Amino acid sequence: MVSLSNQTRFCFHPNNLFVSDTRRLRISGVNFPRKIKVKITCFAAERPRQQKQKKKSQSTSDAEAGVDPVGFLTKLGIADRIFAQFLRERHKALKDLKDEILKRHFDFRDLASGFELLGMHRHMEHRVDFMDWGPGARYGAIIGDFNGWSPTENSAREGLFGHDDFGYWFIILEDKLREGEEQDELYFQQYNYVDDYDKGDSGVSAEEIFQKANDEYWEPGEDRFIKNRYEVPAKLYEQLFGPNGPQTLEELGDIPDAETRYKQYQEEHKNDPPSNLPPCDIIDKGQGKPYDIFNVVTSPEWTKKFYEKEPPIPYWLETRKGRKAWLKKYIPAIPHGSKYRLYFNTPDGPLERVPAWATYVQPEDEGKQAYAIHWEPSPESAYKWKNPKPEVPKSLRIYECHVGISGSEPKISSFEEFTTKVLPHVKRAGYNAIQLIGIPEHKDYFTVGYRVTNFFAVSSRYGTPDDFKRLIDEAHGLGLLVFLDIVHSYAAADQMVGLSLFDGSNDCYFHYGKRGHHKHWGTRMFKYGDLDVLHFLISNLNWWITEYQVDGYQFHSLASMIYTHNGFASFNNDLDDYCNQYVDRDALMYLILANEILHDQHPNIITIAEDATYYPGLCEPVSQGGLGFDYYVNLSASEMWVSLLDSVPDNEWSMSKIVSTLVANKEYADKMLSYAECHNQSISGGRSFAEILFGGVDNGSPGGRQLLDRGVSLHKMIRLITFTIGGRAYLNFMGNEFGHPERVEFPTQSNNFSFSLANRRWDLLKSGVHHHLFSFDKELMDLDKSKGILSRGLPSTHHVNDANMVISFSRGPFLFIFNFHPLNSYEKYDVGIEEAGEYTMILNSDEVKYGGQGLVSEDQYLQRSISKRIDGQRNCLEVFLPSRTAQVYKLTRILRI
C-alpha cells in the first residue's frame, strides 16, 4: 500500500531535505533473472551491510538483556500470579505494537515527528504543503480568506498523490507568479526563505553550476559513463558478439557461461594501462548450486576512497536562491496570518474543521466559527532563542501557574504580562521550575484548559506562538525549568473546533459509542490502540519540546485513561483492580511508549504522573515492568489537609495519619512530588487554605486576632512539614505561597461572566500577614536551594506522638520538630537524635518576621545534645516547643564521646 504518512528518508535529487542521510545508502546487490540465477554483490558495500545486520541483531539481544516484565514485583517481594501474568502479556503486546509501528514508520523518531510532515509547512520549491488525517472523508480541500473560502481552489489531487490508503490528505498550495515574472529555469528550483541573499541570487545559471560540478567533482574517467550512458551496453554487446552481432534470438545461439566469459575478459585486458576506475575482481562462490554467486572484490584503497567521497551537495545548494529572490518572483500562496479551515466532503455531507495539526487557532468567539491561523512570520520578526536550557536540578521546587489569572486586573492576562511580572517573582521566591496549566488551545476559558480542542496550538487568548517562546526563553534565562500540564487522557467534545467527529465518523480519534465518552465529564476518550492516534499523541509530546523547548510534562488525570470506568470505581487495595477487565491495556502501552521515546529523544526530559489510583510501577523503569515516569504526585496529602481543616477539630488531629499520608509509599518516596495545595484547592469551587483558615477574619477584635494567629501558624506548619518530609519534588500553586485570601472563580454564566475572582492579589505582598507568609515560604525554598534538603535522601521519622501532637524527623544533619497541639507548649521536650553534638536552630516558624509571637529566645537557638536514649536514638535534645510551632535544627558541631 502507498502511504503519504511515511516520510521518505533517501533521495538522489538535490531537493531532498534529508541530505545528511544519503550516507546511509549502500549497494546491496544486482540481480539478473535468467534460467541460471546469478547474484552479483559488491564486496565494498556488502561489508558494512553485514556489519549493520550484525549490529542490529546484537542491539536486539542487548535490548532484551536485563528486561524483566515483572522485575519491580520481584524487587518489592510481591507474589501475585494474576498481575504478573498481566505484565508479561502487556510486555508481549508492546513488542507486537512496536513491530507494527516499524512497518509504518522508519523508526520511533519518525513516529514522534509527525509535525514535520502534517499540518501546514512551507516547502523549498516555492509552495506550501498541507497534510492531515481524515479516513472517513471522500474529498479534502483547504479553504480560507486567501482563496475566498473556495472548496475547489486548493483541493487534494485524485488518487494516491492526494489521499493515501491510511486516510491522509495531501494538498499543495503553489505560490503565485508575480505579473511580469517568468517561471524558474529549474523545474525543482529551491528557495532559502530565511536569508535575503544566497548563492543562487548571484546570477550564475543552473547550467553553469552543473557544469562546474561536473568539472570539479568528478575525477578523470568517473564521469565518462554519465555523459555517455549508452557506451557501456554498446561496448559489452560488441565484445560479446562482434561489430556485426546477431539481431534476433535465433541468430544469438549459445552464450558461454559467466565464468568462461569472465576469464576471457581477464585474458584480453591483462596488459591494459592503469585506470582511475575502480579495480574489481570476481570470485565464484556458487559451485555445486543451481545458481552462481559472484562476489565483486575491490582493492582496499578504492573501498576507502568510495566511502570518503562526499556527495555533491554544495553544488546543489548553489542553485538554491534566497528570500529576496523568492519575494521578487512569487506571491505567497497563503500569507502569514491568513485564516483557514479544512473542508471535507463526507457521506453525511460537507464539513468544515480546524485542522488537527494546526499550530495557531482562533476558537469560536462571539458566535464566529473557529479557524486556524497560518503562522509564518518573516525572519526579521520571528522569535530567536537567546538562552540555553538550565541543567536539571537534583530536586524540584515547582511553581504552578495559570497565565490567564496571573494578573491583578479583572481580565485575561497575556504571555507578555506573565513574562515581565510573574517570572521575576517566581525567581525571587526561590523556585526552580514553573508548571503551566491551560496552555494548549481550548475553546471555553472556564474549563481552565482541561478540555483541549487543538493539541498543537498555543492558546491564542494569551498571545502568539512567539510570545510563548519568549516566556519560556526568559524563564530559562532565570534558571527556571518549564513544565506543561499535558492532557492526553481525554479531549473536548466540541466538533467545530476540536477533534470530535473530525472527519464525520465517530471513531476517528476516539472510541465508538459509550466507550468514547467520559462517564462524568462529557469529554471524548482517545483510541490509544490505533497507530494513527499514537502518531498524533506522541508527536504532540515531541512538538512542545522541539518547537517551544519545554522541559517536561505532568500527565493529567491518568486514571481517566487507564480504566474504562475513568477511575470512578471503588478499589479494594488488591492488585486485581489493576489488571481486570476495566483496565485499558492500550492506554498503558501508550504511556510506556511515550516515556520510552521521550527519554530516548530527550534524555533530560522530566515526566510526572498524576494518578489518583497510584497504578503499580508508575515510576519503575520500563525494562522492569514499570511505566517509566520520573515522579508521581501524592494526591492524598492535599485531600488530607483539606479534610482536617474542614472537618476535624484541631485537638483531634492524628499525627500518625499525617506522617503516613505524607510519606505515602516508602518504596517510591524518593520519586514523590508533594504539595499542600495546588490549583485544585483554589479552582472549580474549592478554597485556598488561607481562605479556610483566616478568610474574612476581623483582625481588630480579640477573637479575630486569635483566629488569625491560628490560621497563620497552621499555614506555615502545613507547608513546612509537607515540603520537608516528602520526596525530591514539591509544588505550590501561584499565590498560595503568600496565603491568597480568595478562591479562583472563572467567568461563567453563574457569576454573570465576572473576572473579579479570576486574578491574583499581588498587592498583598507589600506588608502584613501575607508578606510574613511569603517571607516564610521563601525561607522554605532556601532550605533546599542552599542546603539541599530535598536531595539528601529520605527522612528518618523517629518521633510521632499522637497524645502530645508532636512529630520529629531528621534528614541528613537537619532535625525537624513540629508541635501541632492547639494549647500545650512544652518547656523541655525530649526529642531523640542519633549524633551527639551542638544543634543550631536555622528556622523557627514562630519568629515575628514570619507573623509569629517570638516566644523562643535567642539563647535557646543553640542546643547541646544529652546522652539519653529517646525514640530509639542514642542521644536527645531538650527543646522549648510553643504550641502550633515548628523548628528546624542543623548539626553544626559533632561531639566525640
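Not measured: the values here are computed from a predicted model. (Residues numbered from 1 in each chain as written. Predicted model: local features only at pLDDT ≥ 70, side-chain atom pairs only at ≥ 80, totals over all residues. Heavy atoms only, no water.)

### Examining the overall build of the chain
If you tally the helices and strands in the chain, you get 22 helices and 32 strands. Taken across its 897 residues, the chain has 52% of its residues classed as buried. In the chain, once contacts between residues fewer than 6 apart in sequence are set aside, the share between residues at least 24 apart is 72%. Carbon and sulfur atoms form 51% of the exposed surface of the chain, whose accessible area is close to 42100 Å². (Helix = DSSP H or I, 4+ residues; strand = E, 2+ residues; numbered from the N terminus. Buried < 20%, exposed > 50% of the residue type's maximum accessible area, 1.4 Å probe, protein only. Contact = heavy atoms within 4.5 Å. Areas by Shrake-Rupley, 256 points an atom, 1.4 Å probe, with all protein chains shown as cover.)

### Examining the side chain of Asp-132
Position of Asp-132 among the secondary structure elements: in strand E4 (residues 127-133). For Asp-132, which is buried and forms no salt bridge, the nearest opposite charge comes from Arg-353, at a distance of 10 Å. (Lys, Arg positive; Asp, Glu negative; His and termini not counted. Salt bridge = Lys/Arg side-chain N within 4 Å of Asp/Glu carboxyl O.)

### Brief notes about unusual backbone geometry
One non-glycine residue with positive phi stands out, namely Ser-557, at about 50 degrees. Relative to the elements of secondary structure, Ser-557 occurs in the loop between strand E20 (552-555) and helix H16 (558-562). Residue classification places Ser-557 among the buried positions, given a relative accessible area of 12%. With phi around 60 degrees, Asn-752 is a residue other than glycine that occupies positive phi space. Tracing the sequence through the fold places Asn-752 in the loop between strand E24 (729-733) and helix H22 (768-785). Owing to a relative accessible area of 66%, Asn-752 belongs among the exposed residues under this scheme.

### Considering the packing of helix H18 (residues 635-647) against helix H19 (residues 655-663)
At a minimum axis distance of 8 Å, the contact between H18 and H19 shows a crossing angle of 155 degrees. Our classification of the angle between H18 and H19 gives roughly antiparallel. Once H18 is placed against H19, the crossing between them reads as left-handed. The residues of H19 that touch H18, namely those facing Ser-636, Ala-637, Met-640, Trp-641 and Leu-644, are Lys-657, Ile-658, Thr-661 and Leu-662. Residue composition of the contact of H18 with H19, by class: six nonpolar, two polar and one charged. (Axes fitted to C-alpha atoms, helices over the stretch in contact; angles between N-to-C directions. Parallel < 35°, antiparallel > 145°, perpendicular 65-115°, else oblique. Left-handed = near helix turned anticlockwise from the far one by under 90°. Nonpolar A, V, L, I, M, F, W, Y, C, P; charged D, E, K, R; others polar.)

### Here we look at the pairing of E24
Across the five residues of E24, five count as buried, placing the element largely inside the fold. The alternating pattern of E24 places Ala-729, Leu-731 and Phe-733 and Tyr-730 and Asn-732 on opposite faces, both of which are buried. Here five bridges tie strand E15 (residues 396-402) to E24, and the two strands are oriented parallel to one another. Each bridged residue has a counterpart across the sheet, and for Arg-397 the counterpart in E24 is Tyr-730. Relative to E24, strand E23 (residues 672-674) runs parallel, the two being bridged by two bridges. Within the sheet, the bridge partner assigned to Leu-673 lies in E24 and is Ala-729. (Pairing = 2+ DSSP bridges.)

### Overview of the pairing of strand E3 (residues 119-123)
With four of five residues buried, E3 is to be regarded as a mostly interior element. In this structure, E3 lies alongside E4, joined through five bridges in antiparallel fashion. Bridge pairing in E4 links His-123 to Arg-127. In this antiparallel pair of consecutive strands, E3 and E4, the connection spans three residues, and His-126 shows a positive phi of 40 degrees.

### Let's talk about the sheet that holds E4
Strand order across the open sheet formed by three strands is E3-E4-E6, with antiparallel pairing between neighbours. At either end of the open sheet lies a strand with only one pairing partner, and these are E3 and strand E6 (168-174). Averaged over all pairs of adjacent strands, the angle between their axes in this sheet comes to 20 degrees, without regard to strand direction.

### Points about the environment of Tyr-139
Along the chain, Tyr-139 falls in strand E5 (residues 139-144). Note on Tyr-139: relative accessible area 26%, which makes it partly exposed. Polar contacts involving the side chain of Tyr-139 include one to the main-chain carbonyl oxygen of Pro-151, which spans 2.7 Å. (Polar contact = N/O pair within 3.5 Å; in protein donor to acceptor, adjacent residues only side chain to side chain.)

### Some remarks on the nonpolar core
Ile-434, Tyr-509 and Trp-641 are the most contacted members of the largest nonpolar core, which has 187 residues in total. With eleven residues, the top contributor of residues to this core is helix H15 (residues 531-548). The contacts of Tyr-509, once residues within four sequence positions are left out, are Asp-132, Trp-133, Ala-356, Trp-357, Leu-499, Phe-502, Met-525, Phe-526, Lys-527, Val-533 and Phe-536. By size, the runner-up hydrophobic cluster in this structure holds 17 residues, among which are Val-806, Ile-817, Val-831 and Leu-881. (Core = buried A, V, L, I, M, F, W, Y, C linked by side-chain atoms within 4.5 Å.)

### Topic: the side chain of Glu-677
Among the structural elements, Glu-677 can be located in the loop between E23 and helix H20 (689-694). We classify Glu-677 as buried; its relative accessible area is 1%. Polar contacts involving the side chain of Glu-677 include one to the main-chain amide nitrogen of Phe-689, which spans 2.9 Å. Polar contacts involving the side chain of Glu-677 include one to the side chain of Arg-719, which spans 3.3 Å. Aside from chain neighbours lying at most four places away, what touches Glu-677 is Ser-688, Phe-689, His-715, Arg-719, Leu-731, Asn-732, Phe-733 and Asn-736.

### A word on the sheet that holds strand E25 (residues 796-801)
What the six strands build is an open sheet, ordered E25-E26-E27-E32-E29-E30; its pairing is antiparallel. Taken across any chain shown, the strands that pair with only one partner, and hence form the sheet edges, are E25 and strand E30 (862-864). Recorded for the sheet is a direction-independent mean angle of 20 degrees between the axes of neighbouring strands. With five bridges connecting them, E25 and strand E26 (residues 806-811) associate as antiparallel partners. Bridge pairing in E26 places Asn-801 opposite Val-806.

### Some thoughts on the environment of Tyr-829
Assignment of secondary structure puts Tyr-829 in strand E28 (residues 826-833). Accessibility expressed as a relative area gives 8% for Tyr-829, which makes it buried. Distance in space between the C-alpha atoms of Tyr-829 and Val-879 is 5.2 Å, their sequence separation being 50 residues. The contacts of Tyr-829, once residues within four sequence positions are left out, are His-799, Asn-801, Asn-804, Val-806, Leu-877, Glu-878, Val-879 and Leu-881.

### Quick look at helix H13 (residues 415-429)
Spanning 15 residues, H13 covers 20 Å between terminal C-alpha atoms, matching the ideal 21 Å at 1.5 Å per step. The principal kink in H13, of about 35 degrees, is found at Val-422, preceding the proline Pro-424 by one to four residues. Buried within H13 we find Phe-415, Phe-418, Thr-419, Val-422, Leu-423, His-425, Val-426 and Ala-429. Buried residues belonging to H13 abut E15, strand E16 (433-437), strand E18 (454-459), helix H14 (465-477) and H22. (Expected span 1.5 Å × (residues − 1). Bend = angle between axes of the 7 residues up to and from the residue.)

### Focus on helix H3 (residues 81-104)
In a regular helix each residue adds 1.5 Å, so 24 residues correspond to 34 Å; H3 covers 35 Å between its end C-alpha atoms and thus fits that length. Listing the buried residues of H3 in full gives Phe-83, Ala-84, Phe-86, Leu-87, Arg-90, Ala-93, Leu-94, Leu-97, Ile-101 and Arg-104. Contact partners of the buried residues in H3: helix H2 (71-76), helix H4 (108-111), E6, H15 and helix H17 (585-601). A distance of 3.3 Å separates the backbone nitrogen of Ile-82 from a side-chain oxygen at the start of H3, and that oxygen is part of Asp-80.

### Re the pattern of salt bridges
Applying the stated criterion across every chain yields a total of 39 salt bridges. With its nearest N and O atoms 2.7 Å apart, the salt bridge here joins Arg-104 to Asp-532. With Arg-104 in helix H3 and Asp-532 in helix H15, the pair connects residues that are 428 residues apart, well separated along the chain. When sorted by exposure, Arg-104 lands in the same class as Asp-532, which is buried. Salt-bridge contacts for Lys-328 lead to Glu-181; the nearest nitrogen and oxygen are separated by 3.3 Å. Of the two residues, Lys-328 is situated in helix H12 (residues 323-329) and Glu-181 in the loop between strand E7 (176-177) and helix H5 (206-216); the sequence distance between them amounts to 147 residues. Under the relative-accessibility criterion, Glu-181 is labelled partly exposed at 24%.

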